[in-house]
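Structure at a glance
Chain by chain, the residues:
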Amino acid sequence: MPASRLHLVRHGEVHNPEHVLYGRLPDYHLSEAGRGMAQAAADHVTALGRPVSTLRCSPLERTQESAAPFAAAFGLAPVLEERIIEPWNFFEGRRMRKALRNPLNWWQLRDPNMPSWGEPYESIADRMVAAMDDAWDATDEGDVVFVSHQAPIWITHRRVAGLKLRHDPRTRRCALSSITSFERVGDVWREVDYAEPAAAGIDLGAV
């Protein structure tokens, strides 16, 4: 038997007083509120009454810290999964409002379909779905939890829904510590649920 359901969980709020786009930069940790959000996400999945047997997370600090409540709840050691990491981005380490006012940066915005400022959407979707397929096939029973980031989760949603991957990042339905759940029938993924057990805060450093 394969896995039963796969949950893509977004990390909690990050301590980011400078309001920079932190991307893959190290040493960006959950805030106190973010730790509470991560706990709320784990509590939500626990309350579903569904056994979780596989826990994987992006290697960045904020996702490892957000995976900790799941590890405690289900007695699992989280496995680092490089393919569900935040996309790389030209503006990493900068304050976006200031960067966008600089004409020297406008060339990076030339093609929103790719996008030209960072990792192509197709690349993000391909690596996410490949990681999901591998985890699904490697799990004999129970649910899978991936702790990832807003952009990869939303791009996966759009890929599975058959939508164009190009989108306005301001329209993403992927709150902090939200849970987007999928099942696979044969080789086809379908989205089955979305929850925001800790819907609060604004991630000013999201890609």
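Note that the structure is predicted; figures quoted are calculated from it, not measured.

On a plain count of helices and strands, the protein chain comes out with five helices and six strands. In the protein chain, the succession of α and β elements from N to C terminus is β-α-β-α-β-α-α-β-α-β-β. What you see for the protein chain is a C-alpha radius of gyration of 17 Å, in line with the 17 Å of a compact globule of 207 residues. With the C-alpha coordinates of the protein chain rotated into their principal frame, the extents come out at 55 × 35 × 25 Å. Within the protein chain, the fraction of its 207 residues that count as buried is 50%. Within the protein chain, contacts between residues at least 6 apart in sequence are counted, and of these 70% link residues at least 24 apart. As displayed, the protein chain has an accessible area near 9900 Å², and 53% of this comes from carbon and sulfur atoms. Each charge class in the protein chain was averaged separately, 24 positive and 28 negative side chains, and the resulting centres sit 8 Å apart.

Here helix H5 (residues 150-161) is twelve residues long and its end C-alpha atoms lie 16 Å apart, about the 16 Å a rise of 1.5 Å per residue gives. In terms of residue burial, H5 counts as a mostly covered element, since nine of its twelve residues are buried. Residues of H5 that are buried include every one of Gln150, Ala151, Pro152, Ile153, Trp154, Ile155, Thr156, His157 and Arg158, and no others. Packed against the buried residues of H5 are strand E1 (6-10), helix H4 (121-138), strand E4 (143-148), strand E5 (179-185) and strand E6 (188-195).

Right, let's talk about the sheet that holds E6 for a bit. Two strands in a sheet stick together by hydrogen bonds in their backbones, pointing the same way (parallel) or opposite ways (antiparallel). Strand order in the open sheet formed by six strands is E3-E2-E4-E1-E5-E6, with mixed pairing between adjacent strands. This sheet does not close on itself; its edge strands, each paired only once, are strand E3 (79-80) and E6. The pairing of strand E2 (residues 52-57) with E4 spans five bridges and is classified as parallel. Its bridge partner being in E4, Leu55 is matched across the sheet by Val145. Lying on the sheet, H4 is in contact with E1, E2, E4, E5 and E6; it crosses E5 at an angle near 65°. The strands that H5 touches are E1, E4, E5 and E6; relative to E1, the one it contacts most, it runs at about 140°.

Let's shift gears to the environment of Ser181. By the element assignment, Ser181 lies in strand E5. By relative accessible area, Ser181 is classed as buried at 2%. The spacing of Ser181 and Trp117 is 64 residues in sequence and 29 Å in space, taken between C-alpha atoms. Apart from residues lying up to four places away in sequence, Ser181 is in contact with Arg5, Leu6, His7, Arg190, Glu191, Val192 and Asp193. A polar atom in the side chain of Ser181 sits 2.7 Å from the side chain of His7.

Below, the discussion takes up the nonpolar core. Formed by 24 residues in total, the largest nonpolar core has its most connected members in Leu6, Leu8, Met132, Phe146 and Trp189. Among the secondary structure elements, those contributing two or more residues to this core are E1, H4, E4 and H5. Of all the elements, H4 adds the most residues to this core, at nine residues. In contact with Leu8, other than residues within four places in its own chain, are Met128, Met132, Phe146, Ile153, Thr156, Ser178, Ile179, Thr180 and Phe182. With 13 residues, the next largest nonpolar core counts Val9, Ala41, Val45 and Val145 among its residues.

Calculation rules
- All residue numbers refer to position in the chain's written sequence, counted from 1.
- Per-residue local features of the predicted model are confined to residues with pLDDT of at least 70, and side-chain atom pairs are confined, for both listing and counting, to 80 or more; whole-chain, interface and lining totals are unaffected and use all residues.
- In computing side-chain values, all of the structure's heavy atoms are included and hydrogens and water are not.
- Comment: elements are numbered from the N terminus, with helices defined as DSSP H or I runs of at least four residues and strands as E runs of at least two.
- The reference for a compact globule is 2.2 Å times residues^0.38; the radius of gyration itself is calculated from the C-alpha atoms.
- Three labels apply to residues, based on accessible area from a 1.4 Å probe with only protein chains included: buried if under 20% of the type maximum, exposed if over 50%, partly exposed otherwise in between.
- Note on definitions: a residue-residue contact is assigned when non-hydrogen atoms from the two residues lie within 4.5 Å.
- Working definition of accessibility: Shrake-Rupley area with a 1.4 Å probe, residue cover restricted to the visible protein chains.
- Positive charge is attributed to Lys and Arg, negative charge to Asp and Glu, and no charge count is given to His or to the chain ends.
- Here the site of a charge means NZ on Lys, CZ on Arg, CG on Asp, or CD on Glu.
- The span one expects for a helix is its residue count, reduced by one, times 1.5 Å.
- A pair of strands counts as paired when DSSP detects no fewer than two bridges linking them.
- In this description, a line fitted to the C-alpha atoms serves as the axis of each element, helices being fitted only across the stretch in contact, and the angle between N-to-C directions of two axes falls anywhere from 0 to 180 degrees.
- Polar contact is defined as a pair of N or O atoms within 3.5 Å, subject to the rule that within protein one atom must be able to donate a hydrogen and the other to accept it, and that residues adjacent in sequence are counted only when both atoms are side-chain atoms.
- Only buried residues count toward a nonpolar core. Its members are Ala, Val, Leu, Ile, Met, Phe, Trp, Tyr and Cys residues joined through side-chain atoms within 4.5 Å.

Functional significance is not addressed by these values, which are geometric in nature.
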